[in-house]
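# Fold and contact review
Each chain is listed here by its residues.
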Amino acid sequence: MLYSLDEAKNAEAAREMLEQGEWVVPTFNYELRTDKPPAHYYFMMLSYSIFGVNEWAARFFSAIMGSATILLTFWFGARYFNRQTGVWAAMALLASLHFNIQFHMSVPDPYLICFFTASLFFFYAFWNEQKSKFLWAFYLFMALGVMSKGPVAIALPGLAILLFLIFTKNLSLKKILSFKPFHGLLFILIICLPWYLAVHFQTDGQWTQEFFFKHNLNRYAAPMEGHGGIFLITPMIVLVGMLPASAFFIQSFKLAWQRRKEPAILFVSIVTLTVVVFFSTSGTKLPNYTMPSYPFFALILGYYFSQAISKNQLNKIAPIFLTVLGFALPIGGYVVLQGDKYLSHIPFVAAAFIPLALGGILSLVYLKDQRIQRSLITITLSWIITACLFFGWAYPLIDQENPVAKTLTELDLDKDF
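Residues numbered from 1 in each chain as written. Predicted model: local features only at pLDDT ≥ 70, side-chain atom pairs only at ≥ 80, totals over all residues. Heavy atoms only, no water.

## Side note on helix H17 (residues 354-368)
To be explicit about the condition: Strands here are runs of E lasting at least two residues and helices are runs of H or I lasting at least four, both read from the DSSP assignment and numbered beginning at the N terminus. By definition here, a helix of n residues has an expected span of 1.5 Å times n minus one. Contacts are assigned to residue pairs that have any heavy atoms within 4.5 Å of one another.
If you check H17, its first and last C-alpha atoms are 22 Å apart, about what 15 residues at 1.5 Å a residue would give, namely 21 Å. On its buried side, H17 packs onto helix H16 (317-339) and helix H18 (372-399).

## Some points on the packing of aromatic side chains
To keep things clear, this is the line we draw: The pairing test for Phe, Tyr and Trp rings, Trp by its six-membered ring, is centres within 6.5 Å, and the orientation test on the planes gives stacked under 30 degrees, edge-to-face over 60, and tilted for anything in between. Note on classification: 1.4 Å probe, protein chains only; a residue is buried when its accessible area is under 20% of the maximum for its type, exposed when over 50%, partly exposed between these limits. When the NZ atom of lysine or the CZ atom of arginine is within 6 Å of a ring's centre and also within 35 degrees of its normal, the charge is said to sit over that ring.
The final tally for this structure, using the stated rule, is 53 aromatic pairs. Taking the centre distance of 4.4 Å and the plane angle of 15° together, the rings of Phe76 and Phe121 count as stacked. One end of the pair, Phe76, is in helix H3 (residues 55-80); the other, Phe121, is in helix H6 (residues 109-129), and 45 residues separate them in sequence. Exposure remark for Phe76: the relative accessible area of 0% places this residue in the buried category. For Phe121, a relative accessible area of 0% translates into the label buried. The aromatic ring of Trp257 is capped on one face by Arg260, whose charged end is 4.0 Å from the ring centroid.

## Points about the pattern of salt bridges
To keep things clear, this is the line we draw: The salt bridge criterion pairs a side-chain nitrogen of Lys or Arg with a carboxyl oxygen of Asp or Glu, the two atoms within 4 Å.
A complete count under the given rule lists eight salt bridges for this structure. Notably, a salt bridge pairs Arg79 with Glu129, separated by 2.7 Å at the nearest N-O pair. Placement of Arg79 in helix H3 and of Glu129 in helix H6 is noted, with a sequence separation of 50 residues between them. For Glu129, a relative accessible area of 23% gives the class partly exposed. Three or more residues joined by partner-sharing salt bridges are found here, namely Glu12, Arg15 and Glu19.

## Quick notes on unusual backbone geometry
With omega at 10°, the peptide bond leading from Leu243 into Pro244 counts as cis. Along the chain, Pro244 turns up in the loop between helix H12 (233-241) and helix H13 (249-258). One non-glycine residue, Lys180, adopts positive backbone phi at about 50°. Within the secondary structure, Lys180 is located in the loop between helix H9 (173-178) and helix H10 (181-202). Given a relative accessible area of 37%, Lys180 falls into the partly exposed group. Non-glycine residue Gln370 carries a positive phi angle of around 65°.

## A look at a nonpolar patch on the surface
The condition that has to hold: Each patch is built from residues lacking any salt bridge and having more than 30% relative accessible area; the joining distance is 9 Å for like charges and 5 Å for nonpolar side chains (Val, Leu, Ile, Met, Phe, Trp, Tyr). Only the protein chains shown count as cover for residues, and the accessible areas themselves come from Shrake-Rupley with a 1.4 Å probe.
Together, Phe327, Ile331, Tyr334, Val335, Ile361, Leu362 and Val365 give the surface a local cluster of nonpolar side chains, amounting to about 620 Å² of exposed area. Looking at the nonpolar patch, the elements with two or more residues in it are H16 and H17. Here the nonpolar patch gets four residues from one element, more than from any other, and that element is H16. Given a relative accessible area of 37%, Tyr334 falls into the partly exposed group.

## Considerations on the state of the cysteines
Test applied: Criterion for a disulfide: a pair of cysteine sulfur atoms within 2.5 Å.
A complete count under the given rule lists zero disulfides for this structure. Cys192 supplies the cysteine sulfur nearest to Cys114, a cysteine that is in no disulfide, at a spacing of 16 Å. With a relative accessible area of 4%, Cys114 lands in the buried category.

## A look at the environment of Ala95
Tracing the sequence through the fold places Ala95 in helix H4 (residues 83-95). Linking Ala95 and Ile384, residues 289 residues apart in sequence, is a C-alpha distance of 4.8 Å. Ignoring sequence-local partners within four residues, the contact set of Ala95 consists of Asn100, Leu243, Pro244, Thr380, Trp383 and Ile384.

## Section: the side chain of His40
For His40, the position within the fold is in helix H2 (residues 39-51). What His40 contacts, discounting residues up to four positions off in sequence, is Asn10, Val107, Pro108 and Tyr111.

## Here's the deal with the nonpolar core
Rules: Only buried residues count toward a nonpolar core. Its members are Ala, Val, Leu, Ile, Met, Phe, Trp, Tyr and Cys residues joined through side-chain atoms within 4.5 Å.
Membership of the largest hydrophobic core comes to 124 residues, with the highest contact counts inside it found for Phe76, Phe248, Phe267, Val268 and Trp383. The leading source of residues in this core is H6, at 15 residues. Filtering out sequence-adjacent residues up to four positions away, Phe76 remains in contact with Phe81, Phe121, Tyr124, Phe267, Val268 and Leu299.

## Considerations on H3
In an α-helix, one turn spans 3.6 residues; hence positions three or four apart end up facing the same way. Test applied: Throughout, the bend at a residue refers to the angle made by two axes, fitted to the seven residues ending there and to the seven starting there. Think of a polar contact as two N or O atoms within 3.5 Å of one another; within protein, one of them needs to be a possible hydrogen donor and the other a possible acceptor, and neighboring residues in sequence only count if both atoms come from side chains.
Its 26 residues give H3 an end-to-end C-alpha distance of 38 Å, which sits within 8% of 38 Å, the value for a rise of 1.5 Å per residue. In H3, a bend of some 25° at Phe61 exceeds every other bend along the element. For H3, the side-chain oxygen to backbone nitrogen distance between the N-cap and Trp56 is 3.1 Å, and the N-cap itself is Asn54.

## Looking at the packing of helix H7 (residues 132-149) against helix H8 (residues 152-167)
Formally: To obtain each axis, a line is fitted to C-alpha atoms, and for helices this fit is confined to the stretch in contact; angles are then taken between N-to-C directions over 0 to 180 degrees. Working rule for angles: under 35 degrees goes down as roughly parallel, over 145 as roughly antiparallel, 65 to 115 as roughly perpendicular, anything else as oblique. Under the convention adopted here, Pro, Cys and the residues Ala, Val, Leu, Ile, Met, Phe, Trp and Tyr are nonpolar, Asp, Glu, Lys and Arg are charged, and Gly plus all remaining residues are polar.
Between H7 and H8, whose axes approach to 7 Å, the crossing angle comes to 135°. The angle between H7 and H8 falls in the class oblique. Only Val152, Ala153, Ile154, Pro157 and Ile161 of H8 make contact with H7, whose side of the interface consists of Phe138, Met142, Gly145, Val146 and Lys149. Here the contact of H7 with H8 is composed, by residue class, of eight nonpolar, one polar and one charged.

## Section: the environment of Ser106
Residue position: Ser106 is located in the loop between helix H5 (97-102) and H6. Exposure remark for Ser106: the relative accessible area of 1% places this residue in the buried category. As for Ser106 and Phe81, which are separated by 25 residues in sequence, their C-alpha atoms are 33 Å apart. Residues contacting Ser106, with those up to four places away along its chain left out, are Leu2, Asp6, Glu7, Asn10, Ala11, Met44, Ala58, Arg59 and Ser62.

Here you go:
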């Protein structure tokens, strides 16, 4: 069900826009909604037109964005590192439960993450190969990011690029002009400005004021809706969100530091840290904010895995930790569900996490025999299988018990409310 409040608001806003033939002013309950620009509404409206108005249609293009992000990550890794890095980076994303959850949701974040990732990958491609098609792809996806979530799609890539040019000693006027920034800005304005001006004038400036000040500046300056906390929350979200691959983050960043003179590893490291540090200093902290860093973090991890396999050396601490976690999750899940008065009749769904324990044990067996690649494959596949069980079996059963689902059975849906 579209039970999550954010999902429900975004999906309903798109439905209302489709119903009214509205392409400029977003509404929720037919009142102005100022939270986000319209890209994700447009994609959902298209999906509704093809598949009908339902939960699956609302989330369809989010899944497409997730698939595109994984393919782009593989492409970048294979092109600028080696094929094995691309494969392992893609597998790291596929195995991440948080990544899977985010790209199952009818919210704007999947679109921003995909467009942010594409824009920076194509920037690096142009920097490396000097092909104009990559430069215009960079500006195109930056513009789509602006249409998805606003100025953050320019600010974050711009900051990461600036730092990359500084660390590679390429920061000069001549180098900056080689990126045709004025042409790029004009290109972005041609794509974005018509809608931003239209919504500004049609709402007498209300959308503009609330979006830029309330939903951007105020969110960054201070906690909103109770989503605050210390700066350490943000890196912890990334480390937990990118499990199981992130269990190797110490070794991965150590290798990235040792190979920092290689432009590709330096680039993905700078982008990862830029996103994490930027949102660590934000007053409002949400798990989805740092997700644009995931594809770049995945490439750092994928590079480490490729080197570990080639050298047949892998640190044993991370697999042991993942095995212990693999036992703790099904047991802890069973205890939590059994203790919840609304879910105590379905504690068996915690069995969805059992593959983590089995995969952990098998990975340690392979590791003991120095079969590094098989050990890593086993860990990764056990998390992918768990994700399939969670979304295909466990969560649908839990979802049936939510208050909205229970209330619907008591309502006369034919009555005009």
